[in-house]
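# Structure at a glance
Each chain is listed here by its residues.
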Amino acid sequence: MKNKIDLTFNFFVPLLEIINEENVRKPLEFLKTSEKLCKKLEQFYFEKKNKSKEDNHKDENQDFFVPKIGKVKLRLTTESYNYYRSTRAYICDKEPIRPVIAFVSNYIKWIIDENNLELLKPRKRVEIFPSLIGTITKKVSLEINNETKNIQEKIDIITRICNREKTSEKLDILSAVFTDYSTFHVKESSTHTMIEIDSETLKKLNFDFKNKKRIKIHDVYVVFLDFNKIVLIREKKCNKLLIERLKQSINLVSMFRVLADRAIDILDKDIFSEKHIEEKFEFFEYLIAVLEPTLYSSLENMKLLPKHYQRVLFKKSAEILAYDKYSKEIQIKVTNKIKTWELREQVMFLSRHNTVINRLKSKYKLEKDQVLEPALTEKQHIMLNYLIDKYTEDIISKGYAGLEVLTKTPFGSVSANRIRQEINPWLEKKEIDSDKITDYELKEKPPKMLAELNRKGLIIVKEPEVGRTKRLFYVNEADEYIQTRLRGIMRQI
């Protein structure tokens, strides 16, 4: 239809509690961890790939009911299916990504009470994203003719209607996701408005774009009227898929602002300090994997936005909408909060081998490089490296459960006899000359190099106790240099 403008209204509901709440509805439990999500998406991928066009069978276990909206189908649409294929390598490698794939309901009729707005096809649907946010999306068109006046006033009226409906619709989303959400409170976002209009129709209207920031992507101008109202000016024959992808990139920035605001609140309240260690790790890995803007704007990273123009628009929109401020605040809070954990928890968390944790390790490595290393002889340095390796190996082998069990034997502790048995194979593995540490030196009681490390506070010597006849040597978890060193562990450890 000529001479019309298309309006999209949406608001966002953060769903970060999915990670730690027990009352998540069964069809959505796969959202609790990135590993379960990866497995589920791969399942959906093969179902979509193997399903014939004539097969209309629906698995009811893949639907969940959203009151007043309809059923949200946990399936890949054609567009999300094609998108998934471009990121599938990361999914199969169990990278902790939360891809930009929405599980959506069908559109249903959106009933608006106000009269004489000349609305065309008012409709709405719900979307649930793996990035742990839900949204209600509403669409409507307005016919434009030579007598049309005060178009912005009409848009404002519809926006007010959306705002009145937000609270009840937020509860619809929460009811669909959780069986009980009485133990926590989340705030929905402001209403975001997208105005799509062609350049010829725009001439009939009185939009004021003076001093407004704009971006040109192909034949579309994106104009930011304010933080919550954006205009897309298109050529009449502009590809609809291009418009949808541009809207997706802008919406992502708005979504992440909402998620970041909620995440900062959770971090400030230190909610996860009392949660199970696996839930804590999953939450912090989520923050690093989802809310880092460079992951979406750089081709060198995960290609979470497959098209170049999407990445360009995301980056520029993040700057205009001030998402960078949120992102930097979260980065600082996350890195500082991790440093308050018990050292063994830090080592366990940083031992996860994936792209986002490696990026975090690189930050901690820069911190380590700025810390002055204590004056050590070559033998002391080698022995300290050996004990650090024993500490990290012990923690990783014990797993999550082992970190929560109190034992008499400290993590990574070894006797002099065990050092004598293991040192040569370890030196060989590290490609260090085996003559650097001699068996005679390790027979001393205690070995001189270990006694010096103990004197400098880098390791602890545990004297024999009842039932144990040998001294034990292990790194001092309380030492600042040891902590910084272990946070900056290299990827191969």
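In what follows, the structure referred to is the one given above.
Residues numbered from 1 in each chain as written. Predicted model: local features only at pLDDT ≥ 70, side-chain atom pairs only at ≥ 80, totals over all residues. Heavy atoms only, no water.

### Some words on the packing of aromatic side chains
Enumeration according to the criterion identifies 20 aromatic pairs in this entry. Aromatic pair Tyr-45 and Tyr-84: ring centres 5.3 Å apart, planes at 45°, arrangement tilted. Separated by 39 residues along the polypeptide, Tyr-45 in helix α1 (residues 34–50) and Tyr-84 in helix α2 (residues 78–92) bring together distant segments of the chain. Using a relative accessible area of 6% as the deciding quantity, one classes Tyr-45 as buried. Judged by relative accessible area, Tyr-84 falls into the buried class, the value being 0%. Site record: aromatic cluster; members linked through ring pairs are Phe-272, Phe-281, Phe-283, Phe-284, Trp-341 and Phe-349. Note that Lys-280 overlies the ring of Trp-341, its terminal NZ or CZ placed 4.8 Å from the centroid. Note that Lys-325 overlies the ring of Tyr-326, its terminal NZ or CZ placed 5.0 Å from the centroid. (Phe/Tyr/Trp six-rings, centres within 6.5 Å; stacked < 30°, edge-to-face > 60°. Helix = DSSP H or I, 4+ residues; strand = E, 2+ residues; numbered from the N terminus. Buried < 20%, exposed > 50% of the residue type's maximum accessible area, 1.4 Å probe, protein only. Lys NZ or Arg CZ within 6 Å of the ring centre and 35° of its normal.)

### Re unusual backbone geometry
Cis peptide bonds are those with omega within 30 degrees of zero, and the linkage from Lys-445 to Pro-446 qualifies with -10°. Along the polypeptide, Pro-446 turns up in the loop between α14 (439–442) and α15 (448–455). One non-glycine residue, Lys-68, adopts positive backbone phi at about 70°. Here Lys-68 lies in the loop between β2 (63–66) and β3 (70–73). The phi torsion at Asn-211 lies on the positive side, around 65°, for a residue other than glycine. You can see Asn-211 is positioned in the loop between α4 (199–202) and β9 (213–217).

### Some thoughts on helix α5 (residues 240–269)
Residues spaced three or four apart along an α-helix point in a common direction, a consequence of the helix completing one turn every 3.6 residues. Here α5 spans 43 Å end to end across 30 residues, near enough to the 44 Å set by a 1.5 Å rise per residue. Counting buried positions along α5 gives 22 out of 30 residues, so the element sits mostly inside the fold. Here α5 starts with a cap whose side-chain oxygen sits 2.6 Å from the backbone nitrogen of Leu-241, and that cap is Asn-239. The positive-phi residue at the C-terminal boundary of α5 is Asp-270, with phi of around 55°. (Expected span 1.5 Å × (residues − 1). Polar contact = N/O pair within 3.5 Å; in protein donor to acceptor, adjacent residues only side chain to side chain.)

### Points about helix α11 (residues 355–369)
Over its 15 residues, α11 extends 21 Å from the first C-alpha to the last, a length consistent with the 21 Å expected when each residue adds 1.5 Å. Taken together, the buried positions of α11 are Val-356, Ile-357, Asn-358, Leu-360, Lys-361 and Tyr-364.

### Regarding the packing of helix α6 (residues 277–290) against helix α9 (residues 323–338)
The N-to-C vectors of α6 and α9 enclose an angle of 150°; their axes lie 11 Å apart at closest approach. Considering how the two elements wind past one another, α6 and α9 form a crossing that is left-handed. Facing α6, whose interface residues are Phe-284, Leu-287 and Ile-288, α9 presents Val-334, Lys-337 and Ile-338. Residue composition of the contact of α6 with α9, grouped by class: five nonpolar, no polar and one charged. (Axes fitted to C-alpha atoms, helices over the stretch in contact; angles between N-to-C directions. Left-handed = near helix turned anticlockwise from the far one by under 90°. Contact = heavy atoms within 4.5 Å. Nonpolar A, V, L, I, M, F, W, Y, C, P; charged D, E, K, R; others polar.)

### Observations regarding the environment of Ile-382
Of note, Ile-382 is situated in helix α12 (residues 378–403). Under the relative-accessibility criterion, Ile-382 is labelled buried at 6%. On a C-alpha basis, the gap between Ile-382 and Leu-427 in space is 8.7 Å, while along the polypeptide they are 45 residues apart. When neighbours within four sequence positions are excluded, Ile-382 is seen to be in contact with Trp-426, Leu-427, Ile-432, Lys-436 and Ile-437.

### Some details on the side chain of Asn-251
On the secondary structure map, Asn-251 appears in helix α5. Ignoring anything within four residues of it in the chain, the contact list for Asn-251 reads Asn-10, Phe-12 and Met-194.

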